[in-house]
Amino acid sequence: MLSSGAIQFITFSLIFVSLTYACIIADPRTSNIARFCTRSIPSFLLKQGGLQIVYLVIVLGSWSIIFTYGYKAIDNSNHIHSHHKNAGYLVFALCMTSWRYASSKSPGNVTARTIPLFDHYEYDNLLYTNRICPTLQIRKVARSKFDRYTKAHVPRFDHFCGWLNQAIGEQNYRWFLLFLMVHFLMCVYGSWAMAAVLHGDAVDKKLLDPTFLNADNDTDLKIDYIAVLRYFCKEYPQIMCVLLLMTVVSVILGIFLCFHLYITAQNMTTNEFFKWRQVKQWHKKETQKIQLALKYGKVKSVFNGNGAKSGLRHLSNSDVDVACTGPLKKSQFQGAPITRIYLIPDQYQNIFTTKA
């Protein structure tokens, strides 16, 4: 019969696996559960600032378990040095400091007086054009966006981070990256430390031996990892829950960190990454429509000054809210009707590649 600790761990694991599937694996475009978990709930929490409360509950709750149960296990273990307890206090301080610092740093604010300070990017006449911001009635500098959560026009807008309850832009992106790196390393380090404690306990009690003696009938029984896992769930349910959480979050944060390092190397923001992806999807669909229309003689080909066939440039300038997981609703790039044929500037022709 399962102990209460094992039942707690199994319940936690089922909930965690279900949320992981709904938030990461399932496609929000086809799954109602994924759409509810990745768009509806974040949108509601972003408006209320609730993700900061969720962050504090998860982080402070996990650290409370580590300080209470993990440190006791470290004291009883011969396989991990007690210095890691002091290191844990330092990591905890870095974690909370980076979160507080990143959440308090302004991304910058474009106003009529500060436009010269942030006006150092050229308009590409594709994603960004020289026009007036409909909300603030000021010139919209290239790569900027009005963020309706902070009510500010953010220069080099990246996304709105609900965990920080702050827009990420030109002046605080470096602090967001620091926050991301610290939490990734924290989860990796915590996962290793708790795994080392459990592995040491298994070695001391010889749980990893291939066989052990059954005292009831003097026969050798082979042990498997499922039995070891059940033992840990019974003896260390709190540590097992935190270990599972930190391991999965380490993978998620690692992928997210690599994504941001990639777009940083490409001189791109999260907002621009998803815009370009939507533009390519839109362009592919509309090009297929044009090719079909050309095939049946409903429209004529458009050529540029060099006589080469040009693509499309009917792009919507309307913005949508962008969070950590991308746009929170369907962008108008998708499904935008073609009423005319437009020319794409020559420097962007290599971006739009469509198979014949």
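Scroll up to find the structure this text is about.
Just so we're clear, the structure is a prediction, and the values are computed from it rather than from any experiment.

Peer 1: What exactly am I supposed to notice about the pattern of salt bridges here?
Peer 2: Any two side chains of opposite charge can pair if their charged atoms end up close together. What the rule picks out here adds up to five salt bridges. Close ionic contact of E272 with R143 constitutes a salt bridge, the shortest N to O distance being 2.7 Å. Of this pair, E272 sits in helix α9 (residues 270-295) while R143 is found in the loop between α5 (115-118) and β1 (145-147), placing the two residues 129 residues apart along the sequence. The class for E272 is buried, based on a relative accessible area of 5%. Owing to a relative accessible area of 8%, R143 belongs among the buried residues under this scheme. One salt bridge connects K205 with D201, and the closest N-O pair in it is separated by 3.5 Å. The class of K205 is partly exposed, set by a relative accessible area of 44%. We classify D201 as buried; its relative accessible area is 12%.

Peer 1: When you look at α9 in this model, what are you seeing that I'm missing?
Peer 2: Residues spaced three or four apart along an α-helix point in a common direction, a consequence of the helix completing one turn every 3.6 residues. Between its terminal C-alpha atoms α9 stretches 38 Å, which fits the 38 Å expected from 26 residues at 1.5 Å a residue. Where α9 ends, the next residue or the one after it, G297, has phi of about 70°, a positive value.

Peer 1: Hey, could you run me through the nonpolar core in this one?
Peer 2: Nonpolar side chains tend to gather and get buried jointly when the protein is soluble and globular. One finds L164, F176 and M194 to be the most contacted residues of the largest nonpolar core, which totals 44 residues. Elements with a contribution of two residues or more to this core: α3 (50-75), α4 (83-104), α6 (173-204), α7 (225-235) and α8 (237-265). By residue number, the principal contributor to this core is α6, which donates 13 residues. If sequence neighbours within four positions are ignored, M194 has contacts with G70, I74, I239, L243 and M246.

Peer 1: Sorry, what's going on with the side chain of S191 here?
Peer 2: Relative to the elements of secondary structure, S191 occurs in helix α6. Its relative accessible area of 10% is what places S191 among the buried residues. Once residues lying within four places of it in the same chain are set aside, the contact partners of S191 are L243, M246, T247 and S250.

Peer 1: What am I meant to see in α6 here?
Peer 2: The terminal C-alpha atoms of α6, which comprises 32 residues, lie 47 Å apart, in line with the 46 Å expected from a rise of 1.5 Å per residue. Downstream of α6 by a residue or two, K206 has a phi angle that is positive, lying close to 55°.

Peer 1: Please clarify how the packing of aromatic side chains should be interpreted in this entry.
Peer 2: For any pair of aromatic rings, the description rests on two quantities: the centre-to-centre distance and the angle between the ring planes. In total, this model carries 17 aromatic pairs according to the counting rule given. Ring geometry for Y71 and Y89: centres 5.3 Å apart, planes at 80°, overall edge-to-face. Pair noted here: Y71 is in helix α3 and Y89 is in helix α4, with a separation of 18 residues, a long-range link. The interplanar angle of 50° and the centroid separation of 6.2 Å between the aromatic rings of F232 and Y236 together place this pair among those described as tilted. Of the residues examined, F232 reaches a relative accessible area of 8% and is grouped as buried. For K145, the ring lying beneath its charged end belongs to F157, and the centroid distance is 5.0 Å.

Definitions and limits used
Residues numbered from 1 in each chain as written. Predicted model: local features only at pLDDT ≥ 70, side-chain atom pairs only at ≥ 80, totals over all residues. Heavy atoms only, no water. Salt bridge = Lys/Arg side-chain N within 4 Å of Asp/Glu carboxyl O. Helix = DSSP H or I, 4+ residues; strand = E, 2+ residues; numbered from the N terminus. Buried < 20%, exposed > 50% of the residue type's maximum accessible area, 1.4 Å probe, protein only. Expected span 1.5 Å × (residues − 1). Core = buried A, V, L, I, M, F, W, Y, C linked by side-chain atoms within 4.5 Å. Contact = heavy atoms within 4.5 Å. Phe/Tyr/Trp six-rings, centres within 6.5 Å; stacked < 30°, edge-to-face > 60°. Lys NZ or Arg CZ within 6 Å of the ring centre and 35° of its normal.

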